[in-house]
Amino acid sequence: MSNAPVNNGRRRFLTAATSVVGGVGVVGVAVPFIGSWNPSARAKAAGAPVEINVSKIEPGQLIRAEWRGKPVYVVRRTEEIIAGLSTHDGQLKDPQSEVPQQPDYAKNEYRSIKPEFLVALGVCTHLGCAPTHHKGDFDQHVDGVKDGFFCPCHGSKFDMAGRVFQSVPAPTNLMIPEHSFPTEDTLLIGVAGGEA
């Protein structure tokens, strides 16, 4: 040991400098670590709302969009299709949509905000296959119903409101995602709301 006098100023400086360098090191490690908890840009995009210009959809036409990795069917129903929705309620498992497969604002006979548009996940509720849209020839699957969705995997059938018919493997109606119409011509899938 040395008998030299202790320089308290130097000791305080070294203690403060070491503390500052240590603090900067902790922040340098913590920032990327905490940043890694945030979802990636790809994950954010997968769950992001999808915007569709519905003014370009012709009456009777179906378009497909992808939302959260699942297909979404958007159909512009004709007046004839809308009028025909109530004619086959007796053939449906859940005509009043009692099983919660849709947001509350879509719990109506059309299962949508606007009667003219059906917005449904294109995923069969039986085993997750993709039902095909039959326009004008659905009566080969269900007597008296001209338009609907048929799942070729196991034969499930859905009407143009996404309601499931009786005596098929699918247990429930097609899912209706959260959606809104921020403007007259814009459909936003993934955001709850109403119409413009």
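Nothing here was measured: the structure is a model prediction, and the numbers come from that model.

Cut-off values and rules
Residues numbered from 1 in each chain as written. Predicted model: local features only at pLDDT ≥ 70, side-chain atom pairs only at ≥ 80, totals over all residues. Heavy atoms only, no water. UniProt positions renumbered as here; feature names shortened; annotations may be inferred. Helix = DSSP H or I, 4+ residues; strand = E, 2+ residues; numbered from the N terminus. Core = buried A, V, L, I, M, F, W, Y, C linked by side-chain atoms within 4.5 Å. Buried < 20%, exposed > 50% of the residue type's maximum accessible area, 1.4 Å probe, protein only. Pairing = 2+ DSSP bridges. Domains from an automatic or database assignment. Disulfide = S-S within 2.5 Å. Salt bridge = Lys/Arg side-chain N within 4 Å of Asp/Glu carboxyl O.

Caption draft 1: How the structure looks around the UniProt feature "domain: Rieske" (unreviewed entry) in the protein. As annotated in UniProt, the feature "domain: Rieske" (unreviewed entry) corresponds to residues 84-188 in the numbering used here. Helix makes up 1% of residues 84-188 and strand 22%, whereas the separation of the span's terminal C-alpha atoms amounts to 27 Å.

Caption draft 2: Here's a closer look at the nonpolar core. Val75, Leu118, Phe149, Phe158 and Met160 are the most contacted members of the largest nonpolar core, which totals 20 residues. Elements with a minimum of two residues in this core: β3 (70-76) and β4 (117-121). Val50, Ile52, Trp67 and Val72 belong to the second-largest nonpolar core, a separate cluster that totals 15 residues.

Caption draft 3: Quick look at the sheet that holds strand β7 (residues 157-158). Ordered by their spatial adjacency, three strands build an open sheet running β5-β6-β7, and the pairing between neighbours is antiparallel. On the outer flanks of this sheet lie β5 (132-135) and β7, each paired with one strand and no other.

Caption draft 4: Broad picture of the domain arrangement of the protein. Segmentation of the protein into domains returns domain 1 (1-38) and domain 2 (45-189). The gap between the C-alpha centroids of domain 1 and domain 2 is 63 Å.

Caption draft 5: How the structure looks around the state of the cysteines. Evaluated as defined, the whole model comprises one disulfide. Through a disulfide, Cys129 is tied to Cys153; the S-S separation comes to 2.5 Å. In this structure the cystine formed by Cys129 and Cys153 twists about its S-S bond by roughly -115°; its chirality is therefore left-handed. Of this pair, Cys129 sits in the loop between β4 and β5 while Cys153 sits in the loop between β6 (147-150) and β7, and the two are 24 residues apart along the sequence. Take Cys129: its relative accessible area is 17%, and that puts it in the buried class. Accessibility expressed as a relative area gives 41% for Cys153, which makes it partly exposed. Free cysteine: Cys124, not disulfide-bonded; nearest cysteine sulfur from Cys151 at 3.9 Å.

Caption draft 6: Broad picture of unusual backbone geometry. Phi angles above zero are rare outside glycine, and Arg111 is one such case at about 55°. On the basis of relative accessibility, which here comes to 0%, the residue Arg111 falls in the buried class. A positive phi is found at Ser167, a non-glycine position, where the angle reads about 60°. Tracing the chain through its elements places Ser167 in the loop between β7 and β8 (179-183). On the accessibility criterion, Ser167 (76% relative accessible area) is exposed.

Caption draft 7: Representation of the pattern of salt bridges. For the structure shown, the criterion picks out six salt bridges. Measuring nitrogen to oxygen at the nearest pair gives 2.6 Å for the salt bridge that ties Arg76 to Glu116. Of this pair, Arg76 sits in strand β3 while Glu116 sits in the loop between α3 (79-84) and β4, and the two are 40 residues apart along the sequence. According to the relative accessible area criterion, Glu116 is partly exposed, its value standing at 29%. Here the residues in one salt-bridge network are Asp89, Asp159 and Arg163, joined through shared partners.

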